[in-house]
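This is what each chain is made of:
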Amino acid sequence: MTGSPSRQAVRALQAALAAEEAASYGYGVIGAHLTGSALADATADWVAHQRARDVLQLSLQARGAAPVPAAVAYQLPHPVGTAAEASSLAVILEERVARAYLGLVALTDQSLRQLGALQVRAAALRGAAWRGRTVAFPGLPPSALARRS
Amino acid sequence: MLAGAAALPLFLAGCKGLQALGTPPRPAPDVGLLKGAIAAEELMVARYQAALRGAQVVPEVTLSALLLEHQQHLGQLRARLIAGSPQAAGAASAAASPGGSAASRSPAPGPSIPAEPGQLASYLAGEEQAASDYLLRELLAAPPALAQLLASISASEATHVPVLQVAAGHR
């Protein structure tokens with residue numbers, strides 16, 4: 001990571017914000033294909049992403065940076081036409097959110113690092129619920145894992 | 001073999017002896033942190049292994065899946081210790097108690113676990129939460145890459161909690 005600590009923080013916060021904005025948009029699509037308790041879960045997760053977005057925006061503003069606005073629309077990783085595809089999209093979005101927050105965990109700022117770790121946990125919990133199973137390393141790309149001899 | 005052994009002191013003398021190297025460097029602060037994380041993970045693995053040996057309560061497939069993830073956590077943590085050093089894998093079992101939670105106690109060879117199925121799942125859920133919280137605290141003092149690994153492992157362990165709570169009939 002290059003740049004001053006404050007620039008690094010702003011860059012990581014903007015990346016997390018972008019992931020949250022994309023997730024908020026994605027959950028709007030997800031909710032349209034769900035009913036009953038699954039819809040209620042998607043709505044709760046959408047609210048969680050909205051709140052997290054607000055926190056990130058405030059944090060950026062407190063650092064004198066302008067939060068990058070959300071896009072009008074986002075390219076989805078795959079078409080969503082069924083409940084199963086909606087759940088699959090939620091899994092992908094939560095993994096992306098977790099990965100973005102790991103950028104905050106890499107910062108030296110303790111409060112941002114803690115915020116990042118808590119949000120990685122929150123995204124992992126939501127992702128596991130949509131996936132129906134747990135994973136060993138939420139948010140971490142395979143390239144970040146040490147190869148064992 | 002013998003010749004080689006006899007030549008060793010001469011070789012060392014020629015190199016002005018090991019004293020010339022001075023005192024070994026102190027382990028970096030994150031080595032202690034890593035050892036604590038490994039010790040906590042070893043304890044979780046031991047708990048699941050004990051649970052799989054004895055209990056019929058929690059579906060075996062659930063325990064096996066969660067155990068596998070703990071073994072993966074342990075593998076990644078151990079891979080970050082330099083092989084052959086005094087801090088290498090295995091030495092972590094003797095690590096000092098890293099914190100106050102149940103999950104942070106030094107691992108015992110065979111942890112005692114509840115026999116009754118519902119209690120076992122509740123017990124494991126509590127230990128998973130404690131282990132997750134422990135890593136969440138520890139990562140604040142870790143270098144960036146290790147902090148990211150600990151955050152991911154902490155998150156993974158947090159996801160084990162609802163799985164076990166369901167198995168315990170609490171959700």
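Residues numbered from 1 in each chain as written. Chains lettered and ligands numbered in written order. Predicted model: local features only at pLDDT ≥ 70, side-chain atom pairs only at ≥ 80, totals over all residues. Heavy atoms only, no water.

A. Focus on the confidence of the model for chain B. All names here are of chain B. For chain B, mean pLDDT is 77; residues scoring 70 or higher make up 64% of the total. Averaged pLDDT values over the elements of chain B bottom out at 42 in helix α1 (residues 2-14) and peak at 96 in helix α5 (residues 144-168). Note that pLDDT drops below 50 for residues 1-16; the model gives that stretch 3 contacts with residues more than four away or on any other chain. With pLDDT under 50 throughout, residues 86-109 is counted as low confidence; its partners more than four residues away or in other chains account for 51 contacts. As scored by the predictor, the complex reaches a pTM of 0.84 and an ipTM of 0.95. (pLDDT = per-residue confidence, 0-100. Helix = DSSP H or I, 4+ residues; strand = E, 2+ residues; numbered from the N terminus. Contact = heavy atoms within 4.5 Å.)

B. Representation of the pattern of salt bridges in the model. Residue and element names in this part refer to chain B. All told, the structure shown has 6 salt bridges over all chains when counted by the stated rule. Put simply, Arg-78 and Glu-42 hold a salt bridge, and the shortest N to O gap is 2.8 Å. Of this pair, Arg-78 sits in helix α3 (residues 60-79) while Glu-42 sits in helix α2 (residues 29-54), placing them 36 residues apart in sequence. Overall, Arg-78 belongs to the partly exposed group, its relative accessible area being 31%. With a shortest N-O distance of 3.2 Å, Arg-47 and Glu-127 are connected by a salt bridge. Of this pair, Arg-47 sits in helix α2 while Glu-127 sits in helix α4 (residues 117-138), and the two are 80 residues apart along the sequence. On the accessibility criterion, Arg-47 (2% relative accessible area) is buried. Classification of Glu-127 by relative accessible area gives buried; the value is 7%. (Salt bridge = Lys/Arg side-chain N within 4 Å of Asp/Glu carboxyl O. Buried < 20%, exposed > 50% of the residue type's maximum accessible area, 1.4 Å probe, protein only.)

C. Representation of the interface of chain A and chain B in the model. Of the residues lining the interface, 24 residues belong to chain A; the matching set on chain B comes to 33 residues. When chain A packs against chain B, the two sides together hide about 2,200 Å² of surface, and 63% of this comes from carbon and sulfur. When contributions to the side of chain A that touches chain B are tallied by element, the ones reaching two or more residues are α3 (83-105) and α4 (110-131) of chain A. Element by element, the count of residues in the side of chain A that touches chain B is highest for α4(A), at 10 residues. The class makeup of the residues in the side of chain A that touches chain B is 17 nonpolar, 4 polar and 3 charged. (Buried area = accessible area lost by both parts, 1.4 Å probe. Nonpolar A, V, L, I, M, F, W, Y, C, P; charged D, E, K, R; others polar.)

D. Spotlight on the nonpolar core. Core analysis: the biggest nonpolar cluster contains 61 residues, and A:Tyr101, A:Val105, B:Tyr48, B:Leu77, B:Leu139 and B:Leu150 have the highest contact counts within it. Contributions of two or more residues to this core are made by α1 (5-31), α2 (36-62), α3 and α4 of chain A together with α2, α3, α4 and α5 of chain B. Residue contributions to this core peak at 10 residues, all from α2(B). Look past the residues within four positions of B:Tyr48 in its chain and what remains in contact with it is B:Leu63, B:Leu66, B:Leu67, B:His70, B:Leu124, B:Glu128, B:His160 and B:Leu164. (Core = buried A, V, L, I, M, F, W, Y, C linked by side-chain atoms within 4.5 Å.)

E. Inspection of the environment of B:Ser156 at higher detail. Residue position: B:Ser156 is located in helix α5. Residues contacting B:Ser156, with those up to four places away along its chain left out, are A:Val135, A:Ala136, A:Pro138, B:Glu69 and B:His73.

F. Seen up close, the side chain of A:Arg121. Here A:Arg121 shows up in helix α4. Residue A:Arg121 is classed as buried on the basis of its relative accessible area, which comes to 12%. If we ignore the near neighbours within four places in the chain, the residues touching A:Arg121 are B:Gln129, B:Ser132, B:Asp133, B:Leu136, B:Ser154, B:Ala155 and B:Ala158.

G. Focus on the packing of aromatic side chains. All names here are of chain A. Taken as a whole and assessed by the stated rule, the structure comprises 2 aromatic pairs over all chains. A centroid spacing of 5.4 Å and a plane angle of 50° characterise the contact between Tyr-25 and Tyr-74, whose relative ring orientation is tilted. One end of the pair, Tyr-25, is in helix α1; the other, Tyr-74, is in the loop between α2 and α3, and 49 residues separate them in sequence. Summarising the aromatic geometry, the rings of Tyr-27 and Trp-130 are spaced 6.4 Å apart at their centres and angled 55° between planes, so their arrangement reads as tilted. Linking Tyr-27 in helix α1 with Trp-130 in helix α4, this pair joins segments that are 103 residues apart in sequence. With respect to burial, Tyr-27 and Trp-130 carry one shared label: buried. (Phe/Tyr/Trp six-rings, centres within 6.5 Å; stacked < 30°, edge-to-face > 60°.)

H. Layout of empty space enclosed by the protein. Residue and element names in this part refer to chain A. Tallied over the entire structure, the rule returns 1 cavity of 30 Å³ or more. Volume-wise, the largest cavity comes out at about 60 Å³. Glu-95, Ala-124, Gly-127, Arg-131 and Pro-138 are the residues nearest the centre of the largest cavity, which is lined by 13 residues in total. Breaking the lining of the largest cavity down by element, the ones donating at least two residues are α3 and α4. The leading source of residues in the lining of the largest cavity is α4, at 5 residues. (1 Å grid on protein atoms, 1.4 Å probe; cavity = no way out; pocket = protein on both sides within 12 Å on 5 of 7 lines; lining within 4 Å. Points joined across faces, edges and corners; volume = space filled by probe spheres on them.)

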